[in-house]
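Overview (structure and organization)
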Amino acid sequence: MSSEDATAAGDPGGGASETDHENALQDVIAVDPDDVAQGTVNRLDAHTGDGIRHRAFTCLVFDTEGRILLAQRAPNKRLWDGHWDGTVASHPVEGQSQEDATEQRLEEELGISPDQYDDLRVTDKFEYKRYYPNEGVEWEVCAVLKVTLDDTSLDPDDDEIGGMLWADYEHLHEHPELYRQLRLCPWFEIAMRRDFA
């Protein structure tokens, strides 16, 4: 992994600064640079100050025509609110595989059930760190998963998803300047850049 990858992105799951924020009641899995678990840490602690390196994932959702589903993070998100992700991102909990965590978030955020796909797979992993001004920090070892929907029926949760957009994946990669107004999430930009490398 290049030093750019190691310092380039943000936390898929979000964080907060108030002790009464819902993230203060959750734990994430602290990891070393090789993604070896080092126990659990409070999610809020992992996303404040200089942060604590922890495990995360992002899932790129495609249709059968090669388009990617971009999902806008809801405006109530503490970090990267209103930014566009490709497509869901979060953290597995202790004892949960990346695939199981992804399957859960696809259903919770977008109403995508397992019977709509059969090819969920891990395709990459990278470490990144990014500070979000005045709000928090993201320092994660992030797995990238991909899935292709046979059935593109969606039922998004408004508390998680602000908007949705199908985009030609190759065109998005080759012409990022045309999508600049979308403000893409940094971890998605890294995942996409590495995917085409």
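Residues numbered from 1 in each chain as written. Predicted model: local features only at pLDDT ≥ 70, side-chain atom pairs only at ≥ 80, totals over all residues. Heavy atoms only, no water.

The secondary structure content of the protein amounts to 5 helices and 9 strands. When the helices and strands of the protein are listed from N to C terminus, the series reads α-β-β-α-β-β-β-β-α-β-β-β-α-α. Among the 197 residues that make up the protein, the fraction classed as buried is 52%. Sequence separation of at least 24 residues holds for 69% of the intrachain contacts in the protein that already meet a minimum separation of 6. When the accessible surface of the protein is totalled, it reaches about 9,100 Å², and 43% of it is carbon and sulfur. (Helix = DSSP H or I, 4+ residues; strand = E, 2+ residues; numbered from the N terminus. Buried < 20%, exposed > 50% of the residue type's maximum accessible area, 1.4 Å probe, protein only. Contact = heavy atoms within 4.5 Å. Areas by Shrake-Rupley, 256 points an atom, 1.4 Å probe, with all protein chains shown as cover.)

Where two aromatic rings form a pair, the distance of their centres and the angle of their planes describe that pair. Per the counting criterion, the structure on display carries 3 aromatic pairs. On the basis of an interplanar angle of 45 degrees and a centroid distance of 5.5 Å, the ring pair of Phe-126 and Tyr-128 is categorised as tilted. Of the two residues, Phe-126 and Tyr-128, both sit in the buried class. What links up through ring pairs into an aromatic cluster is the set Phe-62, Tyr-169 and Phe-196. When the ring centre of Trp-139 is taken as origin, the NZ or CZ atom of Lys-129, which lies over that ring, is 4.2 Å away. (Phe/Tyr/Trp six-rings, centres within 6.5 Å; stacked < 30°, edge-to-face > 60°. Lys NZ or Arg CZ within 6 Å of the ring centre and 35° of its normal.)

Here we come to the UniProt feature "binding site: Mn(2+)" (unreviewed entry) in the protein. The UniProt record annotates "binding site: Mn(2+)" (unreviewed entry) at His-47, His-54, His-91, Glu-138 and Glu-140. Look at the named residues: they lie 94 residues apart in sequence, but the longest C-alpha span between them is just 12.2 Å, so in the fold they bunch up. Within the fold, His-47 resides in the loop between helix H2 (43–46) and strand E3 (54–62). Tracing the backbone through its elements, the reader meets His-54 in strand E3. (UniProt positions renumbered as here; feature names shortened; annotations may be inferred.)

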